[in-house]
Protein chains: 2
Amino acid sequence: MIKSTILGVTLASVLISGQAGAVELPDPASVRTDRLQLMQGFPPAADRQITQASFMRPYPNPRWSFHHAREFFPSRRVARGNEGVYVLPRAEGQEQRIAGLTFTGPEGREMTFQQYLDETYVDGVLIMQHGKVLFEQYQPGVDESEPHILWSVTKSVVGLLATQLIAEGALDPEALVTSYVPELAESGWKGATVQQVLNMTADIDYSEVYADRNSDVVKYSLAAGMAPAPQDYAGARDLYSYLPTIGAGPDEHGVAFRYRTTHTEVLGWILRRVTGLSTAALIEQRIWSKLGAEQDGYMLLDAKGAEWAGAGFNVTLRDLARFAEMVRLEGKFNGHQVVSPEVIRTIREGADREAFKAAGRDYQPGYSYRNQWWISHNPDGAFEAMGVHGQMIHINPAVGLVMVRLSSHPIASSGQTMPYTIPAMAALADLLR
Amino acid sequence: MIKSTILGVTLASVLISGQAGAVELPDPASVRTDRLQLMQGFPPAADRQITQASFMRPYPNPRWSFHHAREFFPSRRVARGNEGVYVLPRAEGQEQRIAGLTFTGPEGREMTFQQYLDETYVDGVLIMQHGKVLFEQYQPGVDESEPHILWSVTKSVVGLLATQLIAEGALDPEALVTSYVPELAESGWKGATVQQVLNMTADIDYSEVYADRNSDVVKYSLAAGMAPAPQDYAGARDLYSYLPTIGAGPDEHGVAFRYRTTHTEVLGWILRRVTGLSTAALIEQRIWSKLGAEQDGYMLLDAKGAEWAGAGFNVTLRDLARFAEMVRLEGKFNGHQVVSPEVIRTIREGADREAFKAAGRDYQPGYSYRNQWWISHNPDGAFEAMGVHGQMIHINPAVGLVMVRLSSHPIASSGQTMPYTIPAMAALADLLR
């Protein structure tokens, strides 16, 4: 046990072995939102103040900022529309059974499902089977009605819409990216197809390593306006200026999967050109207004009003569950055929599992990445949407299971949570089978 | 007629005599939102692009930006809550009668009510009598479900809440400002009472002239984050840092009315200290969640998360009408006693009409300013909330009349619209009497 101090609280820290080697993490109980007093007071005490510059760090700022993102950035509404709320039915008496479920976690450690949630810094989790809510839990201090940033779960929403537009014939997956966005003619996307962007096998000169401050993802963040630019910053300050500056990668397009958020930003650009709608308006018209959502969601924006198509969607946990259940039901939900069944079947087919290995994501063995979704290829046909810091949609069609979770894990990489989530989801499926 | 060019459109301009002398205004039809193509395209054409820096100018940017303010600034939700929508009842067949109503405008000009609306660049207007909607109209291109910035109508919402807290004994109007906010001990508010801030008779070293770029209102705007600071800017970048830097005025407190937005920022600070709630949460809990509103509203924020208490509330036209009707009904609305009747009676009493004259607002003859509301002292007992660029709530208790209007007039000062609004409201009252 190592002692460290964050915000004046002495934390009993635990050592957890992750992909990046042993990292030190604070005791989750010591960073509970209701105890931290972040952004409380007028003004807040200096060490409780969060600004746009400290939205991501130091920890534990994300415990508050991740469910108040609009208070730090420009945002565009994704309205729930005028339909009544689709109330999620509930199956009572399942909470204890699920919380107490035991499974073998990383390094052979026996743990309960509740430990899994706590130790992965969950802000909210909701589990449904066959359309009924079995389990719903929030970190104390998190308002269930407040949208939470989805990070890269956003990509899967955008990818779903792209797949729907392909099914309708409005978007050609074999067309060149540059046929939709000529501005990218001299960029690394030259010669890449829409499908290669969807599957992230287009090769570009761009690295995305969250723990490396010299990674290109930092340039992306500054262009998107996710953090204030340093005084001497001379790079792009909006996404439409930034994306064309990304050069070609060393490899051929279509060979290797490498996870890059900028692919989804390009996809978002393509969809705007195809539909004439902003990403927020597209999600609203095609999906969010049909789910019987409880709350409006929103997209975060860059300095010129372009959405962060790869990272910026914010919704409530329950509304995310409605979305996930719609996907599980092949688009049929709340009296609407929201997307066509073909869309979900296409995604579930997955992509090349050999190509996936290039990304070195050993914590997702056997996976592939198709149209911005993670396909497990396990016997139950589970597939997933994932975002940094522990955001997730997990859908297990064989068991009729949906889990959505929102969280504020201190470490961005999904390599922190997946070694827990994969065995936890397997145990949960077996319990409910 | 003078020709000028804005956004490549040749405008037939009209000369209108305002308080600041003759100013040139564009033909309203030439700056209709649906024709301007502002922020259309991905990216928008350079002359259709609006950013935080161009939110206010050049014109006609406000025709789009004023109903998309959250897309340029951080914001905090003011939720409508979980109650059903209170559907406003309607009295049919009144539109033509009102649109065609004629009255004598400035300089003896005969004009119709519709001309009044068009020539004051209205984005939306809603008129009710005895609780029924008689007239509702939007500028083409304005989405009725999208919140619009209220500017200083915000002050009246905050003033209403202050008056309610006084009625409850939670806030002492005779107490010193500094007893609630000791940070202001060395500022111009030293020695001023809460009531003097409410009535804007505390005297501070601060000028608010919208047409003067050297006015203190520019410093306020930069501190609030309403515009990006110039590179060489060394002043305060948040409201809690800025307000204590404002010095004492030359006069005694309590003598002369002078309209200063910073008074309301101080009032907002006081209410946060008294209630422990952010301004957004206070409005939500006390008012917005009880109105049966259709949409969530929101408050704009400075860089450290403090609301623009004097300017930053955004709601839809219809929700503003619900609020105004609640005020007309002395707080009783939608099955709630939202504020106590005493609160509305206190406001309607008005304040010292002699003190009001110090502000030189000749376009509001006979008025006084009480608790952040404009009191006409006319025979019908009309009282108002007003914001720059033509925002307004007009309540005529004798006729049971409420008018709310949202607009994007090219000139900030209410001296542009009031010479039309006062005779227009008088004619409307006579029509409905």
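Residues numbered from 1 in each chain as written. Chains lettered and ligands numbered in written order. Predicted model: local features only at pLDDT ≥ 70, side-chain atom pairs only at ≥ 80, totals over all residues. Heavy atoms only, no water.

In the nomenclature of an unreviewed UniProt entry, chain A corresponds to Serine hydrolase from the organism Halopseudomonas formosensis.

So, on to the overall build of chain A. Along chain A, the regular secondary structure elements total 15 helices and 18 strands. The C-alpha atoms of chain A give a radius of gyration of 21 Å, which matches the 22 Å a tight globule of 433 residues would have. In chain A, buried positions account for 62% of the 433 residues. Long-range pairs, those at least 24 residues apart, make up 66% of the contacts in chain A between residues at least 6 apart in sequence. Of the roughly 15,500 Å² that chain A leaves accessible, carbon and sulfur atoms contribute 50%. Positive and negative charge centroids in chain A, built from 38 and 48 side chains respectively, lie 2 Å apart. (Helix = DSSP H or I, 4+ residues; strand = E, 2+ residues; numbered from the N terminus. Rg over C-alpha atoms; globule rule 2.2 N^0.38 Å. Buried < 20%, exposed > 50% of the residue type's maximum accessible area, 1.4 Å probe, protein only. Contact = heavy atoms within 4.5 Å. Areas by Shrake-Rupley, 256 points an atom, 1.4 Å probe, with all protein chains shown as cover. Lys, Arg positive; Asp, Glu negative; His and termini not counted. Charge placed at Lys NZ, Arg CZ, Asp CG, Glu CD.)

This part covers the relation of the copies chain A and chain B. Placing chain A over chain B gives an RMSD of 0.0 Å and needs a rotation angle of 180 degrees, together with 0.0 Å of translation along the axis. Given the turn and translation reported, the copies of this chain are related as if by a two-fold rotation axis. For chain A, the minimum C-alpha distance to the rotation axis belongs to A:Pro74 and amounts to 2.6 Å. Mapped onto chain B, 100% of the interface residues of chain A are again interface residues, and the two copies thus contact each other with one and the same surface. (Least-squares fit on C-alpha atoms with pLDDT ≥ 70 in both.)

Residues and elements named next belong to chain B. Most of strand E17 (residues 391–396) sits out of view: 6 of its 6 residues are buried. Residues Gln-391, Ile-393 and Ile-395 point to one face of E17 and Met-392, His-394 and Asn-396 to the other, with burial holding for every one of them. Here strand E16 (residues 383–387) runs beside E17; their pairing, made up of 5 bridges, is antiparallel. Across the sheet, residue Glu-384 finds its bridge partner in E17, namely His-394. Linkage of E16 to E17, two consecutive antiparallel strands, is achieved through a turn of 3 residues, within which His-389 is found at a positive phi near 65 degrees. Following E17, the chain reverses through 4 residues before pairing antiparallel with strand E18 (residues 401–407); Gly-400 in that reversal takes a positive phi of roughly 70 degrees. (Pairing = 2+ DSSP bridges.)

Opposite charge on two side chains lets them pair, provided their charged atoms get close. Residue and element names in this part refer to chain A. Per the counting criterion, the structure on display carries 52 salt bridges over all chains. We note a salt bridge from Glu-136 to Arg-90, for which the minimum N-O separation is 2.6 Å. Taken together, the residues span a long stretch of sequence, with Glu-136 in strand E8 (residues 132–138) and Arg-90 in the loop between strand E4 (75–78) and helix H3 (95–99) at a distance of 46 residues. Note that Asp-203 is salt-bridged to Arg-260, the shortest N-O span being 3.3 Å. Highlighted residues: Asp-203 in the loop between helix H7 (194–198) and helix H8 (216–224) and Arg-260 in the loop between helix H9 (239–242) and helix H10 (261–275), separated in sequence by 57 residues. Residue Asp-203 shares its accessibility class with Arg-260, and that shared class is buried. Overlapping salt bridges, with partners in common, bring together Arg-90, Glu-136, Glu-144, Glu-294, Arg-318, Asp-319 and Arg-322 in one network. (Salt bridge = Lys/Arg side-chain N within 4 Å of Asp/Glu carboxyl O.)

Residues and elements named next belong to chain A. A large share of H8 lies buried, amounting to 7 of its 9 residues. Within the sequence span of H8, burial applies to Asp-216, Val-217, Tyr-220, Ser-221, Leu-222, Ala-223 and Ala-224. Once H8 finishes, Gly-225 follows within two positions and takes phi at roughly 80 degrees, a positive value.

Across the boundary between the two partners, chain A contributes 33 residues, which contact 33 residues of chain B. Interface area for chain A against chain B, summed over the two sides, is near 2,500 Å², with a carbon-plus-sulfur share of 45%. In this structure, the connection of chain A to chain B is made through 4 salt bridges. Close ionic contact of A:Arg76 with B:Glu71 constitutes a salt bridge, the shortest N to O distance being 2.8 Å. The tally of links between chain A and chain B comes to 16 residue pairs in polar contact (both at pLDDT 80 or more). If you list the elements that add at least two residues to the side of chain A that touches chain B, you get E4 and H10 of chain A. Along the lines of polarity and charge, the residues of the side of chain A that touches chain B split into 13 nonpolar, 9 polar and 11 charged. (Buried area = accessible area lost by both parts, 1.4 Å probe. Polar contact = N/O pair within 3.5 Å; in protein donor to acceptor, adjacent residues only side chain to side chain. Nonpolar A, V, L, I, M, F, W, Y, C, P; charged D, E, K, R; others polar.)

Residues and elements named next belong to chain B. By the bridge criterion, 6 bridges tie strand E7 (residues 122–129) to strand E8 (residues 132–138) in an arrangement that is antiparallel. Each residue of the ladder has a partner; that of Ile-127, found in E8, is Phe-135. Adjacent in sequence and paired antiparallel, E7 and E8 are bridged by 2 residues, among which His-130 carries a positive phi angle near 45 degrees.

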